[in-house]
Amino acid sequence: MFSILHPNSVSLLAWTIYLSFAGAVLLALMPRGKPALSRWLALAFAVAGLALAVQGFVVGMGQGRVTLVDLVWVPSMGIRFLLAADGISRVLVLLTGLAAVAGVLFSWNIDLRTNEFFAFYFALIGAVYGVFLSFDLFLLFVFYEIAIVPKYFLIAIWGSTRREYAAMKLVIYSFAGSAMVLIGLLAAYTTAGSHSTGLVELAHAGLPISFQLWCFPLVFTGFAILAGMWPFHTWAPTGHVAAPTAASMLLAGVVMKLGAYGCLRVGIALFPRGLDPWGFSFIGIGSWRGVFALLALVGIVYGALAALAQSDFKFVIGYSSVSHMGFVLLGLMTLNQIGVTGAVLQMFSHGIIAGLLFAIVGRIVYVRTHTRQLAELETMHLSKRMPFAAAAFVVAGMASIGLPGFSGFVAELQVLIGAWKVNHWWVAAAGIGLVVSVAYIWRAMQKAFFSDLLPSAHVLEQEHNHAFAAITWPEVTGVVLLVGVSLFVGLYPKILLDAIDPAVKTLLAGGVQ
Amino acid sequence: MSGLPLLTLLTALPLLGAALALALGKHARAVALITTFASLALALVVWMQLPVNGSIGLIEQHAWAPSLGIEYHLGVDGLSALMLVLSAIVTLMSVDAAHHVHHQPGLYFALVLTLEAGLFGSFTALNFFHWFLFWELCLIPAFFLIKLWGGTRRGPAATQFFIYTMAGSAALLVAFLAIFVSTTSMDFPHLTLLASTGELEQLVAAHLGPSVMIWLAIGVLAGFAVKVPMFPFHTWLPAAYAEAPSPVTMLLTGAMSKMGVYGLLRIALPLFGHQIAQIRTPLLVLAVATVVMGAWAAAVQKDLKRVFAYLSVNHLGYCLMGIFALVVPAAGSGIDAALQASQYAALNGVILQMLNHGITAAALFWFVAMMQQRTGGHRGIDQFGGLRKPAPVLAGLMGIVLFSSLGLPGLNNFPGEFLIFRGAFPLAWVAASVSILGLLVTAVVILTVIQKVFTGPLPEHCVGFPDLHHGERMALAPVIGLMLLVGLLPSLILGSVNPTVMNLLAHWRF
C-alpha cells in the first residue's frame, strides 16, 4: 500500500481516480458566482489527471500488468479494492486524460452553474478512470454504475434538444445493460465457486463451457449496449445530440469505450469458450462470435447510412460514432492478435476523433451560428467566415474517414486485416461502411462549410453586420491537442501498439487457445 | 456484562417520556426529542454489548404466569439489536420532522413515544405472549396517529390499516395457541430448539393432527405478510402511508414494516422452516410479485407519498425474496459449503436491507414532509417542478437519498441488495433475475421523480420556496453521513450481524 507514496512508481496511476473525485467534491463546494475560478480549477484537475496518465503510461512502457492498490474490502465475499494496469488500461487511461482536458477546454463558455457542471463532469471522469483500472469485477461494476448518474445530470440540466427524454433513455439503457452484467457477475461468481471476485481469479476458475455459452452473450450484450452495438445503439445519437458539448465528447470519446472495454476485459477474458461454435448453424451463423460480428457489421453499415441521411449536423457525428464503434466490436470478434489490438487502438483513436468532431460541431460552430441544421448552415459560407472551424473540420473529417497518417487509419486497417483472417465477407461488408463514411463526411463538410448556395456578396454583407465572435484560445488549444494526438499516433502508432500488443497477447492466451 | 436490566430500561424510557409529554403538553416535542436521543444512546450501548459469538445476550428472565407458559424473557442478538438502533434512529428522525403539530401536541408525542416503546418491546421479547403484547401495543398508537392527525381520507385509511393488521394478529394468536396446547411453551429459544430437532412437528401432529402444522405455518406467514407487506396483502399500505401525517409515515415504513420481516426471521423461519420450505415456490412467486408490482405501481402514481409507499413495498420485496430463497433443505447429510455461503450472504443482505430501507424510506418521507410544509400541503408529483433553482440544497440532499433508494454503489442500499442477489442467485436464479430486472423499473420511477420535481418550470405556488434552513441541514447531515458510511464500509454493520446470521442459520431446519 505504501508503494503509492513512491514518486516514480506506476502506482501513481491510481491517483487519477482519487484526484478526479476530489476535484468533483471540491468543485461542488465552490461558490456559484465565480465561473472563472471553477473553470481554471477544473482545468487544473484535468491537466493533473492527464499528467498522471502520461506518467503512468511512460513508466509502464515495457511492463505487463502492475498492481497499483490491493486492499481487502468485503472479506466475506473475497471482494478487494484491487486497482491494476496493463497496457490496455494505460492506453485507455491516457485517452481519458486527454478527453478530460479537451472537454474542459471546450466547456469554457458554460456560465450556468459552472461549478456544478464540472463537479458532475469530474465524477464521471473519476468513475471512468476507475473502470479502466479495476481488476476486481465487483469494483469494476461499482465504478461502471457510478458513471451512469453524472451522465444523466450533465444531459438533463445542461443539454439541448429533448434533453430530458435523451437523458432518461440513456440511463434506462445503461441500467438495463448493467442489470445484465450484474446477473452475469453473480452467475460467474457462484459457478466458479471461488472466493474471489478478482478478474484474474475468475478467468482461471475454469467455468464450464455450457455455462460460458449462455453467460457470455448476456455479459457481452450488457456491456455492448454502452458501446453502441446495433440494435441497442439508439440511446447514442439522441444522447450525443442532447448532451452539452463536453458531455458528448465524453460520451462518444470515453463512455462508449467503457462498454467496449467491458466486452473485452470481462466478456471475452472471463468467458472465452462462450465464443465456441454451438455445434449447429442457423443461416450460416454457428456461434455467438458470428452473431456479434454480424451485429457489428450491421452497425458499421447502418450507422454510416444513417449519418448520410441526417439533416442535423450533430446527428451526423452521433451516427458516425455508432459506425466507428462497430469496428471496435468487429475487431474484438476476430479474436486474433492483430484484430483485437486494432480494436483497442480504434477505441483510442475514435475517442480522440469523435471528441474533436463534437467539439467543432457542438461548440465552435453552434455557439456562433445557433443552428445545427445543415440546410441553414448551407447559407452561411462558413469556410470564409470561420476558416479555422472549416480547416479543423477538414482535418478531423480526414481523420474520421481513416486517411493514412491519422490514428484511425492504423486502427481500422488492423481490424480489417484481423477480420480478413477470419472471414473475407466481414471485410467486404465493413468496406461498404468505409465508403459510405467518406460520403457522409464529404456531404456534411460540403453543406456546412463549402456551400455557395447564396451569392457571396450577400454573405459578405451578413458578415459585415453580424460578425462571428473570434475563435478563443481554449478552442484553438483543444483542437491542436486533439489533432496533434491523432496525427502523432497515426504517424507513430508504435508508441501505443507496444503497450497494447503484449497486453492483448496475455489476455487472449489466458482465454482463447 | 453490566448488572443493569438494560433492555427493560430501554423499553421503559419512552413510556416514561410519553407520560411526561402528556403531562407537559406544550413542551412535548422537547421532551420527545430528549427521550428519543436518550433511547438512541441506550440502543447503541446495547449494540456495543452484544456477545461476539452472535448468540442472544443481555438476557433478562423472570417468571410471570408459569401455568400459561408466560415469562418475562428478554434478550438481543445482532438482528434485534440492529432493529433497536434502527427504531431509535427512525423515531428520532420522525420527532425531528414533526415541527408543526398544533393540534394536541402532548397526545401526539405521547403516542409516538408509546409506539417507540412498542417497537423496543417487540424487538427484545423472547416469549410469545410478551412479544404479542408489544406487537399489539404498536398498533394502537399508529391507529390513533393516522386517525387524529391524518389527511382528508384518514378515517377509512386508519380503519383499513387496523382491520388488516388485526386479522394478521388473529392468525398469529391462533397459531400460537395451537403451539402452546401442543408444547406447553411459548418461549422462542425453547421452541426453536424443539423445531430444529423436528420434535415440534411431532408434538403438534400428536396433539392436533398430522396436517395442522402446515396450516399453522401459513397462518403465521399471513400474519407477518400483512405487516411487511407482501403481495397480495399490501392493499392497506398505500392509503395508510398517504393519509398518515408524513412524520408518522416515517415511523410506519422505517420501523414498523421491519416488525414483519423481523417476525419472519425470529418466529416463522425458526419454528416453521420445514413447512415453509415445502411451499417455497409459491412464496418466491409472491415475493417477486411484491418486487415487480411495487415498482410498477410506484411508476404510475401521481402522489409523492404513494410513489414512495409503493417503493417501500418494492424494497421490502427484496427482503422477502432473500428470505424465501434461502429456505433450502440441505441435500444429503453433509454440509454443503456453497449452499451455506449463499444462505449467509442472503441473510446478511436481508438484515442490512432492513436497516437501509428503514433509514432511506424514512428520509424520503421526511423530505415530503418538508415539501408539504413549504407549499401548504402539496404532494402531487405534477404540482412540483424546477425546485432545484429555489432550493438547491434540498434538491441535492434529496437527490442523494433518492439515489440511495435506487441502489447506487457508494450509498447504503447497494451492499444490502447486492448481498441479497449474491445469496439468492444460486438458490433461486429465476426469482433473482426477474427481481434484478425490477431494479430497472425502480430506476425509472426515481428518475421520473427527480425530473418532475427538480427540473422544468417552477409552478406558481412554489415561487419563493425556501431552501433548507440551518437546523434542517444539521438534522439531515448525520442521516446522509450514515448512508455514505454504510455504503462504503458495510463491514461496520456486517461485522456484528454476520455472527448472528451464522448462529441463526445453525438453528434453522428446512
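Some points on the overall build of chain B
In terms of regular secondary structure, chain B is built from 19 helices and 2 strands. In terms of C-alpha radius of gyration, chain B reaches 22 Å, essentially the compact-globule figure of 24 Å for 510 residues. Taking the principal axes of its C-alpha atoms as reference, chain B extends roughly 70 × 55 × 40 Å. Across the 510 residues in chain B, those meeting the buried criterion constitute 59%. Sequence-distant contacts in chain B: of pairs separated by 6 or more residues, those separated by 24 or more amount to 80%.

Notes on the overall build of chain A
Along chain A, the regular secondary structure elements total 22 helices and 4 strands. Against the globule reference of 24 Å for 513 residues, chain A gives a C-alpha radius of gyration of 22 Å, in line with a compact fold. If you line up chain A on its principal axes, its C-alpha atoms span 75 × 55 × 40 Å. Counting all 513 residues of chain A, 61% fall into the buried class.

Some points on the packing of helix H15 (residues 392-406) of chain B against helix H17 (residues 429-454) of chain B
Residues and elements named next belong to chain B. Following both chains from N to C, one finds H15 and H17 inclined at 170°, their axes separated by 9 Å at the closest point. With respect to their mutual orientation, H15 and H17 come out roughly antiparallel. Only Thr442, Ala443, Ile446, Val449, Ile450 and Phe454 of H17 make contact with H15, whose side of the interface consists of Ala395, Gly399, Leu402, Ser405 and Leu406. Across the contact of H15 with H17, the residue classes break down as 8 nonpolar, 3 polar and no charged.

Re the nonpolar core
In this structure, Leu329 and Leu330 of chain A together with Met321 of chain B are the most contacted members of the largest nonpolar core, which totals 412 residues. Examining the composition of this core, we find that 21 residues originate from one element, helix H14 (residues 337-375) of chain B, more than from any other. Sequence-distant contacts of leucine 329 of chain A, that is, excluding residues within four places in its chain, are made with Ala224, Ala227, Met229, Ala260, Phe292 and Ala296 of chain A.

Observations regarding the packing of helix H2 (residues 28-48) of chain B against helix H3 (residues 78-97) of chain B
Two measures define how a pair of helices packs: the angle their axes make with one another and the distance between the axes. Residues and elements named next belong to chain B. Packing of H2 against H3 brings their axes to within 9 Å, and their N-to-C directions diverge by 160°. In terms of orientation, H2 lies roughly antiparallel with respect to H3. For H2 against H3, the interelement crossing comes out left-handed. From H2, Arg29, Ala32, Leu33, Thr36, Phe37, Ser39, Leu40, Ala43, Leu44, Val46 and Trp47 reach across to H3, where they touch Ala81, Leu84, Val85, Ala88, Ile89, Thr91, Leu92 and Val95. Its residues placed into classes, the contact of H2 with H3 shows 15 nonpolar, 3 polar and 1 charged.

Quick notes on the confidence of the model for chain A
For chain A, per-residue confidence averages 86 on the pLDDT scale, and 95% of positions sit at 70 or higher. Note that residues 1-5 of chain A has pLDDT below 50 and, in this model, 7 contacts with residues that lie over four places away or in other chains.

Section: the confidence of the model for chain B
For chain B, mean pLDDT is 87; residues scoring 70 or higher make up 98% of the total. The ipTM assigned to the predicted complex is 0.74, against a pTM of 0.84.

Brief notes about the interface of chain A and chain B
Taken together, the 22 residues of chain A in the interface contact 23 residues of chain B. Within the residue set of the side of chain A that touches chain B, elements represented by two or more residues are helix H5 (137-146), helix H6 (148-158) and helix H7 (163-192) of chain A. The dominant element in the side of chain A that touches chain B, judged by the number of residues it contributes, is H7 of chain A, at 12 residues. Of the residues contributing to the side of chain A that touches chain B, the split by class is 17 nonpolar, 3 polar and 2 charged.

Digging into the environment of alanine 239 of chain B
All names here are of chain B. Positionally, alanine 239 belongs in helix H10 (residues 236-243). Under the C-beta neighbour-count criterion, alanine 239 is labelled buried, with 22 such atoms within 10 Å. Sequence separation between alanine 239 and lysine 302 is 63 residues; the distance between their C-alpha atoms is 13 Å. The residues contacting alanine 239, other than those within four sequence positions of it, are Ala157 and Gln160.

A closer look at H2 of chain B
All names here are of chain B. Between its terminal C-alpha atoms H2 stretches 30 Å, which fits the 30 Å expected from 21 residues at 1.5 Å a residue. When H2 is considered as a whole, its buried residues turn out to be Ala28, Arg29, Val31, Ala32, Thr35, Thr36, Ser39, Ala43 and Val46. Around the axis of H2, the buried residues are gathered within 140° of arc, so they sit on the same side. When the buried face of H2 is taken as reference, the exposed residues oriented beyond 90 degrees from it are Ala41 and Met48. For H2, the elements touching its buried residues are helix H1 (6-24), strand E1 (57-65), strand E2 (70-76), H3 and helix H4 (105-124).

Topic: the pairing of strand E3 (residues 277-282) of chain A
Taking burial as the measure, the 6 residues of E3 of chain A include 0 buried ones, a minor fraction of the element. A loop of 2 residues connects E3 of chain A with strand E4 (residues 285-287) of chain A, the two strands running antiparallel in sequence, and isoleucine 283 of chain A in this loop sits at a positive phi of about 35°.

Things to note about the environment of leucine 15 of chain B
Residue and element names in this part refer to chain B. Note on placement: leucine 15 falls in helix H1. Remark: the alpha-carbon pair of leucine 15 and leucine 115, spanning 100 residues in sequence, is separated by 9.0 Å. Once you skip the residues sitting within four places of it in the chain, leucine 15 turns out to touch Thr114 and Ala117.

Observations regarding helix H18 (residues 407-422) of chain A
All names here are of chain A. Here H18 contains 16 residues, and its C-alpha end-to-end distance of 24 Å stays within 8% of the 22 Å for a straight helix at 1.5 Å per residue. For H18, the set of buried residues is Ser407, Gly408, Phe409, Val410, Ala411, Glu412, Gln414, Val415, Leu416, Gly418 and Ala419. Looking at the packing, one finds that the buried side of H18 touches helix H13 (313-334), helix H14 (337-369), helix H17 (387-400), helix H19 (424-448) and helix H21 (473-491).

Quick word on unusual backbone geometry
Proline 231 of chain A follows tryptophan 230 of chain A through a cis peptide bond whose omega is 0°. Of note, the amide linkage connecting valine 228 of chain B to proline 229 of chain B takes the cis form, showing an omega dihedral of -5°. The topology assignment puts proline 229 of chain B in the loop between helix H9 (212-227) and H10. Located in the positive-phi region is leucine 58 of chain B, a residue other than glycine, with phi close to 55°. Mapped onto the fold, leucine 58 of chain B is located in strand E1. In this structure leucine 58 of chain B comes out as buried when scored by C-beta crowding, with 24 C-beta atoms within 10 Å.

What about the pairing of strand E2 (residues 79-85) of chain A?
Residue and element names in this part refer to chain A. In terms of burial, E2 is largely enclosed, as 6 of its 7 residues are buried. Pairing between strand E1 (residues 66-74) and E2: 7 bridges, direction antiparallel. Its bridge partner lying in E2, leucine 71 is registered against phenylalanine 81. Between E1 and E2, which pair antiparallel and follow one another directly, the connecting turn spans 4 residues, one of which, glycine 78, has a positive phi of 70°.

Here we look at the environment of histidine 233 of chain A
All names here are of chain A. Residue placement: histidine 233 occurs in the loop between helix H9 (209-226) and helix H10 (235-242). Among the residues examined, histidine 233 registers 27 C-beta atoms within 10 Å and is labelled buried. Residues histidine 233 and alanine 176 lie 57 residues apart in sequence; the distance between their C-alpha atoms is 13 Å. Among residues more than four places away in sequence, those in contact with histidine 233 are Gly228, Gly299 and Val322.

Conventions adopted
Counting from 1, residues in each chain are numbered in the order their sequence is written. Lettering for chains starts from A, numbering for ligands starts from 1, and both go in the order in which the items are written. Totals for whole chains, interfaces and linings use every residue, but because this is a predicted model, local features are given only for residues with pLDDT of at least 70 and side-chain atom pairs only at 80 or more, for both listing and counting. Secondary structure follows DSSP: runs of H or I at least 4 residues long count as helices, runs of E at least 2 residues long count as strands, and numbering of each begins at the N terminus. A radius of gyration in this sense is built from C-alpha atoms; the matching globule rule multiplies 2.2 Å by the number of residues raised to 0.38. Any residue with 12 or fewer other C-beta atoms within 10 Å of its own C-beta is exposed, any with 20 or more is buried, and the rest are partly exposed; the C-beta atoms used are placed from the backbone. What counts as a contact here is a pair of residues whose C-beta atoms, placed from the backbone, lie within 7 Å. Fitted lines through C-alpha atoms give the axes, limited to the stretch in contact for helices. The angle between two N-to-C directions lies from 0 to 180 degrees. Small angles under 35 degrees read as roughly parallel and large ones over 145 as roughly antiparallel, with 65 to 115 read as roughly perpendicular and the rest as oblique. In the scheme used here, Gly and all other residues not listed as nonpolar or charged are polar, with Ala, Val, Leu, Ile, Met, Phe, Trp, Tyr, Cys and Pro taken as nonpolar and Asp, Glu, Lys and Arg as charged. We define a nonpolar core as a collection of buried residues of the types Ala, Val, Leu, Ile, Met, Phe, Trp, Tyr and Cys that are connected via C-beta atoms lying within 7 Å of each other. Handedness of each helix crossing follows the sense of rotation of the near helix against the far helix: counterclockwise by less than a right angle gives left-handed, clockwise gives right-handed. Residue-level confidence of the predictor is what pLDDT reports, using numbers from 0 through 100. What a helix should span is 1.5 Å times the count of its residues minus one. Directions are taken from the helix axis to each C-beta atom, and the arc is the one they span. For two strands to be treated as a pair, DSSP must find no fewer than two bridges joining them.

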